[in-house]
Amino acid sequence: MSWYKGLKGKILFDEPLSAHTSFKIPAKAGIWIEPFDLEDLRRFIKVARARDLDYVVIGEGSNLLFRRRRIPLVVHLGSPNFKRMSVEGNYLTAGAAAALGRIIQKAKQHGLGGLEFLSGIPGALGGALVMNAGTGWPRRREIGDFIDSIEVIDKNANVRLLHKAACGFGYRSSSLSSDCIITSATLKLKRKSNRAIQKEISGFLNYRCKRQDLKNPSAGCIFKNPQGVSAGRLIDRCGLKGRKIGGAAISRKHANFIINRGRASGDDVFSLMELIKKEVYKKFRFNLEPEVRVIE
Ligand code: EPU
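These figures come from a predicted structure and were not determined experimentally.

Reading the values: rules and limits
- Residues numbered from 1 in each chain as written.
- Predicted model: local features only at pLDDT ≥ 70, side-chain atom pairs only at ≥ 80, totals over all residues.
- Heavy atoms only, no water.
- Helix = DSSP H or I, 4+ residues; strand = E, 2+ residues; numbered from the N terminus.
- Rg over C-alpha atoms; globule rule 2.2 N^0.38 Å.
- Buried < 20%, exposed > 50% of the residue type's maximum accessible area, 1.4 Å probe, protein only.
- Contact = heavy atoms within 4.5 Å.
- Areas by Shrake-Rupley, 256 points an atom, 1.4 Å probe, with all protein chains shown as cover.
- Core = buried A, V, L, I, M, F, W, Y, C linked by side-chain atoms within 4.5 Å.
- Phe/Tyr/Trp six-rings, centres within 6.5 Å; stacked < 30°, edge-to-face > 60°.
- Lys NZ or Arg CZ within 6 Å of the ring centre and 35° of its normal.
- Pairing = 2+ DSSP bridges.
- Axes fitted to C-alpha atoms, helices over the stretch in contact; angles between N-to-C directions.
- Near = heavy atom within 4 Å.
- Polar contact = N/O pair within 3.5 Å; in protein donor to acceptor, adjacent residues only side chain to side chain.
- Salt bridge = Lys/Arg side-chain N within 4 Å of Asp/Glu carboxyl O.

## Considerations on the overall build of the protein
Link 1 in the chain: Each helix and strand in the protein was counted, giving 6 helices and 18 strands.
Link 2 in the chain: Computed over C-alpha atoms, the radius of gyration of the protein comes to 19 Å, within 12% of the 19 Å expected from 2.2 N^0.38 for 296 residues, which places it in the range of a compact globule.
Link 3 in the chain: Projected onto its principal axes, the C-alpha positions of the protein cover 55 × 50 × 30 Å.
Link 4 in the chain: Buried residues in the protein amount to 49% of all 296 residues.
Link 5 in the chain: When contacts within the protein are restricted to residue pairs at least 6 apart in sequence, those whose partners lie at least 24 apart make up 66%.
Link 6 in the chain: For the protein, the computed accessible surface area is about 14,500 Å², with 48% contributed by carbon and sulfur atoms.

## Quick look at the nonpolar core
Link 1 in the chain: Membership of the largest hydrophobic core comes to 51 residues, with the highest contact counts inside it found for F44, I103, L115, L129, I150 and L187.
Link 2 in the chain: Here this core gets 5 residues from one element, more than from any other, and that element is strand β13 (residues 180–188).
Link 3 in the chain: Apart from the residues within four sequence positions on either side, L187 is in contact with N90, Y91, L92, I103, L115, L125, I143, F146, I147 and D148.
Link 4 in the chain: By size, the runner-up hydrophobic cluster in this structure holds 24 residues, among which are F23, L240, A255 and V269.

## Observations concerning the packing of aromatic side chains
Here a ring pair, both rings aromatic, is described through the centre-centre distance and the interplanar angle of the planes.
Link 1 in the chain: Scanning the entire structure with this criterion turns up 7 aromatic pairs.
Link 2 in the chain: Here F44 and Y55 contribute two aromatic rings whose centre-to-centre distance is 5.0 Å and whose plane-to-plane angle is 70°, an arrangement assigned as edge-to-face. Note that F44 is positioned in helix α1 (residues 38–51) and Y55 in the loop between α1 and β3 (56–58), a separation of 11 residues in sequence. Y55 shares its class with F44; the two are buried.
Link 3 in the chain: These aromatic residues form a ring-pair network of at least three members: W3, Y4, F13, F44 and Y55.
Link 4 in the chain: Above the face of the F270 ring, R67 is positioned so that its terminal group lies 3.7 Å from the ring centre.

## So, the sheet that holds β13
Link 1 in the chain: Spatially, β6-β7-β13-β11-β12 is the arrangement adopted by the 5 strands of the open sheet, whose pairing is antiparallel. Each of the sheet's edge strands pairs with one partner strand only, and the pair in question is β6 (85–88) and β12 (159–163). Pairwise comparison of adjacent strand axes, ignoring direction, gives a mean angle of 20° for this sheet.
Link 2 in the chain: Sheet topology note: the strand β11 (residues 147–154)/β13 ladder contains 7 bridges and is antiparallel. Within β13, the residue paired with I150 across the bridge is A185.
Link 3 in the chain: Here α1 sits on the sheet in contact with β11, β12 and β13, set at roughly 45° to β11.

## Here we look at the environment of F257
Link 1 in the chain: By secondary structure assignment, the location of F257 is in the loop between β16 (248–250) and β17 (258–260).
Link 2 in the chain: Judged by relative accessible area, which is 3%, F257 ranks as buried.
Link 3 in the chain: With near-sequence residues (within four places) excluded, F257 lies in contact with Q212, D213, S218, G220, C221, A249, I250 and S251.

## Topic: the site of the ligand
Link 1 in the chain: Around the ligand, the surrounding shell holds 22 residues, and the nearest of these are T135, Y171, Y207, N225 and D236.
Link 2 in the chain: Between the ligand and Y207, the relevant distance is 2.2 Å, taken from an oxygen atom to a side-chain nitrogen or oxygen of the residue.
Link 3 in the chain: One nitrogen or oxygen atom from the main chain of C221 is found 2.9 Å from an oxygen atom belonging to the ligand.
Link 4 in the chain: Here the ligand, which alone exposes 820 Å², has 80% of that area covered by the protein.
Link 5 in the chain: Listing elements by their share of the shell around the ligand, those giving two or more residues are α4 (194–211) and α5 (231–237).

## Brief notes about the sheet that holds β16
Link 1 in the chain: With antiparallel pairing, 3 strands are arranged side by side in an open sheet as β15-β16-β17. For this open sheet the edge positions go to β15 (244–245) and β17, each flanked by a neighbour on one side alone.
Link 2 in the chain: Both β16 and β17 contribute to a ladder of 3 bridges, which runs antiparallel. Note that in β17 the partner of A249 across the bridge is I259.
Link 3 in the chain: On the sheet, helix α6 (residues 266–284) packs against β15, β16 and β17 and is oriented at approximately 30° with respect to β16.

## Section: the side chain of S119
Link 1 in the chain: Considering the arrangement of structural elements, one finds S119 in the loop between β8 (112–113) and α3 (125–130).
Link 2 in the chain: Apart from the residues lying within four places of it in its own chain, the contact partners of S119 are I104, I201, F204, L205 and R208.

## Regarding the pattern of salt bridges
Link 1 in the chain: As enumerated under the stated definition, the model contains 15 salt bridges in all.
Link 2 in the chain: For the salt bridge of K192 with E116, the shortest nitrogen-to-oxygen distance reads 2.5 Å. Linking K192 in the loop between β14 (190–191) and α4 with E116 in the loop between β8 and α3, this pair joins segments that are 76 residues apart in sequence.
Link 3 in the chain: Under the relative-accessibility criterion, K192 is labelled partly exposed at 25%.
Link 4 in the chain: Judged by relative accessible area, which is 2%, E116 ranks as buried.

Okay, structure coming up:
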């Protein structure tokens with residue numbers, strides 16, 4: 001009997017991964033597993049450990065670049081059981097697969113604000129926490145600032161509750177590594193009027209619309225900003241806007257966006273990233289660090 005027969009969730013074979021990432025780069029998952037609920041996820045982890053199976057966990061794929069064309073085993077928390085949300089007082093608890101936009105709206109319905117700066121950022125809670133998603137405008141704000149606790153499941157299938165201090169949040173980073181899977185989190189929010197929340201949401205959406213390339217498939221900003229400087233400005237000053245390799249191009253609207261013009265491969269994007277790094281280092285002596293998670 002196949003090892004996955006005892007699982008209750010969705011199982012797909014040869015699943016195209018282009019449909020599961022904002023970059024839309026072609027790759028396939030040999031086996032794609034969506035556990036039904038927490039128990040089913042624990043069951044999967046136990047089987048995987050017993051059989052020494054390697055797997056990649058992916059969220060909504062908005063910050064992900066596949067260089068490999070085929071990944072044997074992918075786990076994705078896509079079941080409605082990981083999208084649930086509840087509110088108690090100033091605390092909102094959401095499953096790892098809850099979309100950021102839905103969380104902002106749910107909070108708003110309860111007169112809670114604080115997360116408006118995440119408006120327009122694609123993706124779900126789990127991924128946003130791993131990379132401590134945030135904004136630098138008009139001041140630095142990150143999702144980690146709002147965390148009360150995070151529920152994770154470790155490689156031994158034990159469920160653990162981590163408090164903010166144990167999550168190692170930094171600029172576009174955390175210590176929530178691939179050793180555990182985030183299943184849900186509780187955020188502490190602030191009382192705020194509906195009008196004030198809506199005004200902030202519109203402000204952030206407007207800012208992104210004006211400056212960022214939201215029309216073409218991409219993974220958002222591809223490099224982190226070096227301290228005190230915008231990577232986009234550095235790349236722009238190297239005269240690289242519009243530069244292409246294969247099906248990938250540096251956006252003409254925002255130089256820190258690499259876009260898929262239709263037929264980009266992971267290698268096209270990666271080569272463009274290498275070219276950017278080389279040029280920015282040559283001209284400004286900054287070592288750019290990828291923001292995107294590259295699956296080699
Ligand atoms: N700039 C240029 N040329 C460009 C792009 C930007 O000269 O092609 C200049 C702008 O004119 C501006 C400065 O660089 O003076 C900063 O640009 P922007 O306001 O677009 O912000 P950013 O530093 O490029 C950061 C985050 C974004 C976030 C925005 C707004 C990083 C790597 N990027 O971008 O996050 O949305 O601030 O808060 O931290 C992401 O993480 O994927 C992302 C897009």
